Amino acid sequence: MQSFDFQSSTRVVFGENALDQLGDLTKELGGRRVLIVTDSGIIRSGITDRAVDSLKAARLEAFVFDGVEENPTSRHVAEGALFGKDQGEINLLIGLGGGSAMDCAKGINFILTNGGRMEDYWGVDKATQPMLPSIGIPTTAGTGSEAQSFALISQEGTHQKMACGDKKARFRTVILDPVLTATTPKRVTTATGIDAISHAVESYVSTRRSPISQMFAKEAWRLLEKSFEVVVRNPENIEARSRMLLGAHLAGAAIESSMLGAAHACANPLTARYDITHGVAVGLMLPSVIRFNSQVVGTLYQDLYLSPLHERISKLRAVAGLPERLRDFEIQQADLSQLAEAASKEWTGQFNPRQVSKVELLKLYEATY
């Protein structure tokens, strides 16, 4: 049997209105002066107020940084760290929102505890000092960032994704409350949902897969595949939203052990150069990548879905009203070579089950064009 190294140290609290336990869970981690990292949309939804009320009920001080934007850059992290320093001694962080807020919270943790700038932690285990305990609270069923020790932060200016990983940055506690996802706009639900599905699919077949990661990925796929259409058609179905949230978390846990593949390598340049939402970009590329990989991992794909998997992904994408071709955006065919060059430098591509270089990546873009 294949050898593997698996570590897990995160407490997961799951259930409707689990957010109400935030104050007590924070106290259990020794939190006294707490920095909440979130965005303006979460503020407007009232979710932040609920979090602050729970903290205050436990007699804890809470400070809110709401400067996170989609695809956060090193600038957002620096601004959040400066805000935290200005509040005095912060001894616990909370990432509240989608993957952007949770990634930014991890990034701020690096800077508050180890100094420097985000680029200093590009890679793995670059932090030399202990980091603050933290809590992750996703409000979308998507990235699974709450289950991962990596902060994905774009470099300001170049918009290149920096994967900054350290086990010390992992959230000590995660709160999965499906009620928080109920107000998510449809465009966000569909984009993050297809992203979570791609995480389950890509992590299941990656070159770093293990029995543990595949267990997480397969259960994530089961939960997500049966619930995605339900949530798209009936957003108020809290049971389906519960399955989506748990599925996204399990897919994130699978990524932590096994990484991703070519669909994400191709998607990141689309986001950086054309501002295509990450989940939409991954959904665009995934069917072509599945067809390409089927030559070497076709039987693994059948573990997930007996009929052609790429057809099922295409159907889910269509149900959600997501675009199907690169030409649907302002992308010229002449641009594909540059996209392939950029994709060849993305770190996730090295874990794809079938080797990819600029040549293969260009063919994937052409197949999706």
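Above this text you will find the structure in question.
Predicted model, so just to flag it, every value in this text is computed and none were measured. (Residues numbered from 1 in each chain as written. Predicted model: local features only at pLDDT ≥ 70, side-chain atom pairs only at ≥ 80, totals over all residues. Heavy atoms only, no water.)

1. Thoughts on the pairing of strand 2 (residues 33-37)
Along strand 2, four of the five residues are buried, which leaves the element largely enclosed by surrounding structure. Bridge count between strand 2 and strand 3 (residues 61-65): five bridges; the pairing is parallel. Residue pairing in the sheet places Leu 35 in a bridge with Phe 63 of strand 3. Sheet topology places strand 2 next to strand 4 (residues 92-97); four bridges connect them, and they run parallel. Following the sheet pairing, Leu 35 is matched in strand 4 by Leu 93. (Buried < 20%, exposed > 50% of the residue type's maximum accessible area, 1.4 Å probe, protein only. Helix = DSSP H or I, 4+ residues; strand = E, 2+ residues; numbered from the N terminus. Pairing = 2+ DSSP bridges.)

2. Let's talk about the state of the cysteines
In the structure shown here, the tally under the stated rule is zero disulfides. Not engaged in a disulfide, the cysteine Cys 104 finds its nearest cysteine sulfur in Cys 164; these two sulfurs lie 12 Å apart. Among the residues examined, Cys 104 registers a relative accessible area of 0% and is labelled buried. (Disulfide = S-S within 2.5 Å.)

3. Observations concerning the packing of helix 6 (residues 186-205) against helix 9 (residues 262-274)
The axes of two packed helices give the description: the angle between them and the distance between them. For the pair helix 6 and helix 9, the least separation of the axes is 9 Å and the interaxial angle reads 140°. With respect to their mutual orientation, helix 6 and helix 9 come out oblique. Within the contact between the two elements, helix 6 uses Asp 195, Ser 198, His 199 and Glu 202 and helix 9 uses Ala 262, Ala 263 and His 264. Split by residue class, the contact of helix 6 with helix 9 holds two nonpolar, three polar and two charged. (Axes fitted to C-alpha atoms, helices over the stretch in contact; angles between N-to-C directions. Parallel < 35°, antiparallel > 145°, perpendicular 65-115°, else oblique. Contact = heavy atoms within 4.5 Å. Nonpolar A, V, L, I, M, F, W, Y, C, P; charged D, E, K, R; others polar.)

4. Observations regarding unusual backbone geometry
The phi torsion at Arg 59 lies on the positive side, around 65°, for a residue other than glycine. With respect to the helices and strands, Arg 59 occurs in the loop between helix 3 (47-57) and strand 3. Within the chain, Asn 71 stands out as a residue other than glycine whose phi angle is a positive 55°. Position of Asn 71 among the secondary structure elements: in the loop between strand 3 and helix 4 (74-86). The class of Asn 71 is buried, set by a relative accessible area of 17%.

5. Some thoughts on the sheet that holds strand 5 (residues 123-124)
Within a beta sheet, neighbouring strands are joined by backbone hydrogen bonds and run either parallel or antiparallel to one another. Strand order across the open sheet formed by three strands is 5-8-7, with mixed pairing between neighbours. A strand with exactly one partner marks an edge of an open sheet, and here the two such strands are strand 5 and strand 7 (150-154). Looking at chain direction, strand 7 and strand 8 (residues 161-165) are connected through five bridges and run antiparallel. Paired with Ile 153 across the bridge in strand 8 is Met 162.

6. Considering empty space enclosed by the protein
Summed over all chains, the structure comprises two cavities of 30 Å³ or more. Contributing to the lining of the largest cavity are Thr 140, Ala 141, Thr 181, Thr 184, Thr 189, Thr 192, Gly 193, Val 231, Arg 241 and Met 244. Those elements that place two or more of their residues in the lining of the largest cavity are helix 6 and helix 8 (238-258). Broken down by element, the residue count for the lining of the largest cavity peaks at three residues, all from helix 6. A class-by-class count of the residues in the lining of the largest cavity yields three nonpolar, six polar and one charged. Each pocket or cavity is described by its volume, and for the second largest cavity that value is around 40 Å³. (1 Å grid on protein atoms, 1.4 Å probe; cavity = no way out; pocket = protein on both sides within 12 Å on 5 of 7 lines; lining within 4 Å. Points joined across faces, edges and corners; volume = space filled by probe spheres on them.)

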